[in-house]
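Fold and contact review
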Amino acid sequence: MDNFIQINIKHVEDSGKSTKKTVEKRKKYRKYDDQYLDFGFTYVSKGNVELPQCVVCHKVLAAESMLPNKLKNHLETIYSNLQGKPRDFFARKLRELKHQSTSLFSRASIPSKALLASYKVAHRIAKCKKPHTIAEDLILPAAIDMVSVMIGESAAKEIKNIPLSNNTISRRIHDIAEDINEQIVEKLSGLFAIQLDEATDSNNDAQLICYMRYMEGANVCEDLLFCKEMTDAGKASDLFAIIVSYMKENNIQWENCVGVRTDGARAMSGQYGGLQALIKTKAPNAKWTHCIIHREALATKNISPELNFVINIIIKVVNFTKTRPVKARFF
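Each residue is numbered by its place in its chain's sequence as written, counting from 1. With the structure being a predicted model, the display of local features is reserved for residues of pLDDT at least 70 and the display and counting of side-chain atom pairs for 80 or more, all residues being used for whole-chain, interface and lining totals. The basis for every side-chain value is the complete set of heavy atoms in the structure, and neither hydrogens nor water enter the calculation.

What follows covers the layout of surface pockets. Gaps between atoms show up when a probe of the same size as a water molecule is rolled over them. Cavities and pockets are found on a 1 Å grid laid over the protein atoms alone: a cavity is a set of points where a 1.4 Å probe fits but cannot escape, a pocket is an open set with protein on both sides within 12 Å along at least five of seven lines, and a lining residue has an atom within 4 Å of such a point. Grid points are joined across faces, edges and corners, and a volume is the space filled by probe spheres set on the points. The volume enclosed by the second largest pocket comes to roughly 490 Å³. For the second largest pocket, the lining is made up of 16 residues, of which Ala177, Glu178, Asn181, Leu225 and Phe226 are closest to its centre. The set of elements that each furnish at least two residues to the lining of the second largest pocket consists of helix H8 (166-186), strand S5 (219-229) and helix H9 (236-249). Among the elements that make up the lining of the second largest pocket, the one with the highest residue count is H8 (six residues). Side-chain classes are defined by residue name, with Ala, Val, Leu, Ile, Met, Phe, Trp, Tyr, Cys and Pro counting as nonpolar, Asp, Glu, Lys and Arg as charged, and the others, Gly among them, as polar. Here the lining of the second largest pocket is built from residues that sort into nine nonpolar, three polar and four charged. Labels follow the DSSP assignment, with helices taken as runs of H or I lasting at least four residues and strands as runs of E lasting at least two, numbered in each case from the N terminus.

Right under this line is the structure:
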């Protein structure tokens, strides 16, 4: 999220600036063709680059996706029920998109500083895991009171222009997540490895978590790639379908995957019908390894009773300390 805020600060302050190197690189991108509307795509211009935009979901894809097979794959993957629709259907969607964009711009255009402040507030709410309503119910009134007392009423009136409604904060957080996802996907142009695990959230819903490791210069970096809800039974085929869907949606090449790490569950580590076997059908060079954290947990089950007694005492002491903020500070 910090990367997203830094990028938007630079965009607001240095809008319109670009280096010669970036301009030369953009000239190599494919231009939009009118036939792409048959796949439900128009385009938006960003500088000298034309980016494909879906007329159904209004999502803007990367410039590298301006290819017929990638645009068709987007339609088949996300909107399979719209396959075979005539061109007139997508032309009508395009007219609705243009009308909507024009009306929204005329009614909801806000100053760039207020927009940036809105994203910053949404960023902090997401980091603190607070309800979205806190922005409009607490943060904005408190900011107006502080500014009016310390600076003056004229400055407080400027604060009121910051959009902080519940729906606005939700959209801001979604935009931040989309931007972070695009940044991470761009880093997967080289070799990478993934680590998979199943977990449950606060609502006891099953989630599939995927981490990735990749090389950035001489350093090995690790990031959270995605966290998807598991709506099926949690079989190896169900988990594999979630991963394949994400890879197709973001145009990630399976050939670059060189490592897979999971726990020892049969659905994950099975050599014939497990997840690692299914992944190797897409990425033959991927090497499977057992997660070291799970191996340590398995090893502790077979230690001597004396050492196990000591470890249990240590666990209780650490849990007692960490679950109480005052005691944690004293510690």
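Quick look at the packing of aromatic side chains now. Paired rings are identified among Phe, Tyr and Trp, the last through its six-membered ring, by centres lying within 6.5 Å, and are further divided according to the angle between planes into stacked (under 30 degrees), edge-to-face (over 60) and tilted (the rest). Enumeration over the complete set of coordinates arrives at five aromatic pairs. Between the aromatic rings of Tyr32 and Tyr43, the centroid separation amounts to 4.9 Å while the plane-to-plane angle is 35 degrees, which identifies the pairing as tilted. Of the two residues, Tyr32 is situated in the loop between helix H2 (20-26) and strand S1 (41-46) and Tyr43 in strand S1; the sequence distance between them amounts to eleven residues. Taken together, a centroid distance of 6.2 Å and an interplanar angle of 35 degrees make the contact between Phe240 and Trp254 tilted. On the criterion of sequence distance, the pair formed by Phe240 in helix H9 and Trp254 in the loop between H9 and strand S6 (257-262) is long-range, its members being 14 residues apart. Grouped by ring-pair contacts, the aromatic residues Tyr32, Tyr36 and Tyr43 constitute a single cluster. Across the ring face of Phe89, the terminal group of Lys85 is positioned such that the distance to the ring centre comes to 5.2 Å. Both a distance and an angle decide whether a charge sits over a ring: NZ of Lys or CZ of Arg must be within 6 Å of the ring centre and within 35 degrees of the ring normal. The cationic tip of Arg172 hangs over the ring face of Tyr119; the distance from NZ or CZ to the ring centre is 4.8 Å.

Further remarks concern helix H11 (residues 275-282). Each α-helix winds once per 3.6 residues, and so residues spaced three or four apart point in a common direction. Exposed residues in this analysis have more than 50% of their type's maximum accessible area, buried residues have under 20%, and partly exposed residues fall in between, with area computed by a 1.4 Å probe over protein chains only. Of all the positions in H11, only Leu275, Gln276, Ala277 and Ile279 are classed as buried. Should any heavy atoms of two residues lie within 4.5 Å, those residues are considered in contact. Elements in contact with the buried residues of H11: strand S3 (192-200), H9, S6, helix H10 (266-269) and strand S7 (287-290).

The next subject is the pattern of salt bridges. In what follows, salt bridge is the name for a side-chain nitrogen of Lys or Arg lying within 4 Å of a carboxyl oxygen of Asp or Glu. Applying the stated criterion to the full structure yields four salt bridges. As a salt-bridge pair, Asp34 and Arg87 come within 2.6 Å of each other at their nearest N and O atoms. Of the two residues, Asp34 is situated in the loop between H2 and S1 and Arg87 in helix H4 (residues 87-108); the sequence distance between them amounts to 53 residues. In this structure, the salt-bridge partner of Arg87 is Asp38, at a minimum N-O distance of 2.9 Å. With Arg87 in helix H4 and Asp38 in the loop between H2 and S1, this residue pair connects regions lying 49 residues apart in the sequence. Residue classification places Asp38 among the partly exposed positions, given a relative accessible area of 36%.

Axis geometry follows a simple rule: fit a line to the C-alpha atoms, using only the stretch in contact for helices, then measure angles between N-to-C directions, giving values from 0 to 180 degrees. The geometry of helix H5 (residues 112-128) relative to H8 is characterised by a closest axis approach of 9 Å and an angle of 80 degrees between their N-to-C directions. Viewed along their axes, H5 and H8 adopt a mutual orientation that is roughly perpendicular. Between H5 and H8, the residues in contact are Leu115, Ser118, Tyr119, Ala122, His123, Ile125 and Ala126 and Thr168, Ile169, Arg172, Ile173, Asp175 and Ile176, respectively. In terms of residue class, the contact of H5 with H8 is built from eight nonpolar, three polar and two charged. When an angle is under 35 degrees it counts as roughly parallel; over 145 it counts as roughly antiparallel; between 65 and 115 it counts as roughly perpendicular; any other value is oblique.

Turning our attention to the nonpolar core. What we call a nonpolar core is a set of buried Ala, Val, Leu, Ile, Met, Phe, Trp, Tyr and Cys residues that are connected through their side-chain atoms within 4.5 Å. If you look at the biggest cluster of nonpolar residues, it comprises 30 residues, and the most contacted ones within it are Ile243, Trp254 and Ile279. Sorting the residues of this core by element identifies H8, S3, strand S4 (206-216), S5, H9, S6 and H11 as the ones contributing at least two each. In terms of residues, this core owes the most to one element, H9, which gives seven residues. Not counting chain neighbours up to four residues away, the residues in contact with Trp254 comprise Phe240, Ile243, Val244, Met247, Ile279, Lys282 and Ala283. In this structure, Leu61, Leu71, Tyr79 and Ala91 belong to the second largest nonpolar core, which totals 16 residues.

Strand pairing is assigned whenever DSSP detects at least two bridges linking the two strands. What the five strands build is an open sheet, ordered S5-S4-S3-S6-S7; its pairing is mixed. Every other strand in the sheet has two partners, leaving S5 and S7 as the edge strands with one partner each. Each adjacent strand pair in this sheet contributes to an overall mean axis angle of 25 degrees, direction not counted. Here S3 runs beside S4; their pairing, made up of nine bridges, is antiparallel. By the bridge assignment for S4, Ala193 is matched with Arg213. The strands touched by H11 within the sheet are S3, S6 and S7, with S3 carrying the most contacts at an inclination of about 145 degrees.

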